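# Structural overview
Spelled out from the first residue to the last, the chains are:
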Amino acid sequence: YMKHLKKLLAISVLVMGLTLGGTAFAAQKYTWESYQIQFALPDDMEVETNDSSEFVAKSSKAYFNIQPWADASETAENIAKDSLKNLDYKNIEVVVSQEMDIQEFKGYLIYGIGESDGDKLEFALIGMIDPDSANNYAVHMTIWSGDSSGSADLEQIYNSISRMK
């Protein structure tokens, strides 16, 4: 019972952090020039790809990816659910599935747990709709379990996503 209560509390904190914001972390601001989207990444994350097909950053404890979604008529929920179908993790359990907004974007969050190469992980998938353009996006983050600062850092990344001004 306590295990499930702790997990529910952790999920509530994550969802609240994703929707309301939180404390700042040591970060660098990045711009995905192809789509004029800005966000902040923790200092320990390294950018691997930044082109028109995707933006990918990784650290030893976390993974962040955002890519354009080809169908401008798609819903945020369907984008997130399609992303879930493409995950290459084992023992996936969806814990939260709900609408949420990020700055100017309409979104849908799927948060869950799973395993990869025997390591436990937490993941969040977000379908993002840009109401002011035909561009939509699929966002994916993975946090390897046991690192609470990784979870807090990624909450801050999502809260920092916005269009360039």
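All figures in this text were calculated on a predicted structure; none of them were measured in a lab.

So, on to unusual backbone geometry. Despite not being glycine, Asn91 has its phi angle at roughly 50 degrees, a positive value. Following the sequence through the fold, Asn91 ends up in strand E6 (residues 90–102). Of note in the backbone geometry, Asp117 takes a positive phi value of approximately 50 degrees without being a glycine. Within the secondary structure layout, Asp117 lies in the loop between strand E7 (105–116) and strand E8 (119–129).

Turning next to the side chain of Ser160. Structurally, Ser160 can be placed in helix H3 (residues 148–160). Owing to a relative accessible area of 18%, Ser160 belongs among the buried residues under this scheme. Engagement of the side chain of Ser160 in a polar contact is seen with the backbone nitrogen of Ala40, the distance being 2.7 Å. Excluding residues that lie within four positions of it along the chain, Ser160 makes contacts with Gln38, Phe39 and Ala40.

With respect to the helices and strands, the residue Ala27 is situated in strand E1 (residues 27–32). When its relative accessible area of 37% is taken as the criterion, Ala27 is described as partly exposed. If we ignore the near neighbours within four places in the chain, the residues touching Ala27 are Ala40, Leu41, Pro42 and Asp43.

This part is about the sheet that holds E1. The strand order E1-E2-E10 describes an open sheet built from three strands, whose pairing is antiparallel. Edge positions in the open sheet fall to E1 and strand E10 (162–163), since each of these has one partner strand only. The sheet contact formed by E1 and strand E2 (residues 37–42) spans six bridges and is antiparallel. If you follow Thr31 over to E2, its bridge partner there is Gln38.

The next point concerns the confidence of the model for the chain. Per-residue confidence for the chain gives a mean pLDDT of 81; residues scoring 70 or more make up 79%. In the predicted structure, residues 1–6 sits below a pLDDT of 50 and forms zero contacts with residues beyond four places in sequence or in another chain. Across residues 16–23, confidence stays below pLDDT 50; counting only partners more than four residues off in sequence or on other chains, it has 15 contacts.

Our focus in this paragraph is the pattern of salt bridges. Considering all chains together, one arrives at eight salt bridges under this definition. Salt-bridge contacts for Lys58 lead to Glu48; the nearest nitrogen and oxygen are separated by 3.5 Å. You can see Lys58 sitting in strand E4 (residues 54–58) and its partner Glu48 sitting in strand E3 (residues 46–51), a full 10 residues away along the chain. Between Lys85 and Asp82 there is a salt bridge, with the nearest N and O atoms lying 3.6 Å from each other. With Lys85 and Asp82 both in helix H2 (residues 76–85) and three residues apart, this pair spans about one turn of that helix. The class of Lys85 is exposed, set by a relative accessible area of 67%. Several salt bridges share partner residues, and in doing so they unite Glu104, Asp130, Asp132 and Arg163 into one network.

What counts as what
Residues numbered from 1 in each chain as written. Predicted model: local features only at pLDDT ≥ 70, side-chain atom pairs only at ≥ 80, totals over all residues. Heavy atoms only, no water. Helix = DSSP H or I, 4+ residues; strand = E, 2+ residues; numbered from the N terminus. Buried < 20%, exposed > 50% of the residue type's maximum accessible area, 1.4 Å probe, protein only. Polar contact = N/O pair within 3.5 Å; in protein donor to acceptor, adjacent residues only side chain to side chain. Contact = heavy atoms within 4.5 Å. Pairing = 2+ DSSP bridges. pLDDT = per-residue confidence, 0-100. Salt bridge = Lys/Arg side-chain N within 4 Å of Asp/Glu carboxyl O.

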